[in-house]
Amino acid sequence: MTRANLAKDLAHDIDPATQLHLTYVYGPVPSRRLGLSLGVNPLPVETKVCNFDCPYCECGWTVSDRPAGRMPSAETLAAELEAKLAACQAQGVRLDAITFAGNGEPTLHPRFCQIIEAASALRDAYAPQAKIAVLTNATRLRHPDARAGLMRADIRQFKLDAGTEAMFRRVDRPFGGLTLARIVDDICAFDAPKMLQSMFFRGQSAGAPIDSAAPEEVEAWLRHVARIRPTEVHLYSLDRTAAEPTLEKVSPGELEAIAERVRALGIPALAF
Ligand code: SF4
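Predicted, not measured: the structure shown is a model, and the values here were computed from it.

Thresholds, definitions, all that
Residues numbered from 1 in each chain as written. Predicted model: local features only at pLDDT ≥ 70, side-chain atom pairs only at ≥ 80, totals over all residues. Pairing = 2+ DSSP bridges. Helix = DSSP H or I, 4+ residues; strand = E, 2+ residues; numbered from the N terminus. Axes fitted to C-alpha atoms, helices over the stretch in contact; angles between N-to-C directions. Contact = placed C-beta atoms within 7 Å. Core = buried A, V, L, I, M, F, W, Y, C linked by C-beta atoms within 7 Å. Buried ≥ 20, exposed ≤ 12 C-beta atoms within 10 Å, placed from the backbone. Parallel < 35°, antiparallel > 145°, perpendicular 65-115°, else oblique. Nonpolar A, V, L, I, M, F, W, Y, C, P; charged D, E, K, R; others polar.

Asker: Where do I start with the pairing of strand β7 (residues 201-205) in this structure?
Answerer: Side chains on a regular strand alternate between the two faces of the sheet. Relative to strand β10 (residues 247-249), β7 is paired through 3 bridges, and the arrangement is antiparallel. Note on β10: the bridge partner recorded for G203 is L247. Direction of pairing for β7 relative to strand β8 (residues 208-211): antiparallel, over a ladder of 4 bridges. Looking across to β8, one finds that G203 is bridged to I210. Where β7 folds back on β8, the antiparallel hairpin that results is connected by 2 residues, among which A206 adopts a positive phi of roughly 50 degrees.

Asker: I keep staring at the sheet that holds strand β3 (residues 97-100) and nothing clicks. Help me out?
Answerer: The strand order across the open sheet formed by 8 strands is β1-β2-β3-β4-β5-β6-β9-β11, and the pairing between neighbours is mixed. Looking at strand neighbours, the two that pair on one side only are β1 (25-31) and β11 (269-271), the edges of this open sheet. Strand-to-strand twist of the sheet, defined as the mean angle between neighbouring strand axes without regard to direction, takes the value 25 degrees. Relative to strand β9 (residues 232-236), strand β6 (residues 195-199) runs parallel, the two sharing 5 bridges. For M199, the partnering residue across the bridge sits in β9 and is Y236. Taken strand by strand, helix α8 (residues 252-263) contacts β9 and β11, and its axis lies near 180 degrees from that of β11.

Asker: What is the right way to read the nonpolar core from this model?
Answerer: A general trend in soluble globular proteins is that nonpolar side chains are found buried together. Formed by 39 residues in total, the largest nonpolar core has its most connected members in F200, L235, L255 and A259. Every element with two or more residues in this core is listed here: α5 (165-171), α6 (180-189), β6, α7 (215-228), β9, α8 and β11. Leaving out residues up to four positions away in the same chain, A259 has contacts with L235, A269, L270 and A271. Formed by 32 residues, the second largest nonpolar core is a distinct cluster that contains V40, A74, A119 and A130.

Asker: Any chance you could explain the packing of α6 against α7 here in plain terms?
Answerer: The packing of two helices is summarised by the inter-axis angle and the distance between the axes. Their axes nearest at 9 Å, the elements α6 and α7 cross at an angle of 25 degrees. The orientation of α6 with respect to α7, classified from their angle, is roughly parallel. Seen from α6, the contacting residues are V184, I187 and C188; seen from α7, they are H224, R227 and I228. Here the contact of α6 with α7 is built from residues that sort into 4 nonpolar, 1 polar and 1 charged.

Asker: Where do I start with the sheet that holds β8 in this structure?
Answerer: In a beta sheet, neighbouring strands pair by backbone hydrogen bonds and run either parallel or antiparallel. In space, the 3 strands of this open sheet follow the order β8-β7-β10, with antiparallel pairing throughout. Strands at the two margins of the open sheet, each flanked by one partner only, are β8 and β10. In this sheet, adjacent strand axes meet at a mean angle of 15 degrees when their direction is disregarded.

Listed below in structure tokens is the structure:
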């Protein structure tokens, strides 16, 4: 499969108006961090479901952190994944990963663990070299089903976008009583290898200036990274259209400088 075909596939999988995935299984997508990856969206296709409302989100603003009764069943997801894996196998496409992300926070699916187990079995049958990866905001680590599912994955990328509670409330805009302190505690207590993914940006958000890469914020963020001791940290800035159009990208040089400070802690880091 050529890169042009992959891009065409991806374009068909995303609604150009809302940026939402139109299918439960999409791609394969050439991912910068995971290689050739088949995406799984275990959330509704017509709306975003998340317990954060990040202004940089590529899926637009969060309408609700409660599934609107349209969560796909575990059986539907498994059937779509099997069909796509069989097609990849028939075309000789060698996948590096099966990645759970999609239209919001994937661990909010009430049968997340069962879905991961089914995906692992299908991976073993069709693409044994592929890793099962989950991109998560790490807010559900105290939930037994979400935790069990994450333990069964091969790669976990936990979001950590802020160093202070004040910045956390602005860059991730959590629902309910979620705090940065609780999330960092939960990531530390998660007893399996874990990676961090961190987004930095600046500009205007909710009518006020914001700079998550300000020196004091990066200092505070580094203290959490040092405490968590992840296997690797991936740093990003804006890539696609953000929910808040007034946000600005942090330069590659700035991201690389932050990555260098992570490496100085003895932790591998990549700036994308
Ligand atoms: S956690 Fe992810 S899906 Fe949820 S609002 Fe933030 S960027 Fe979007």
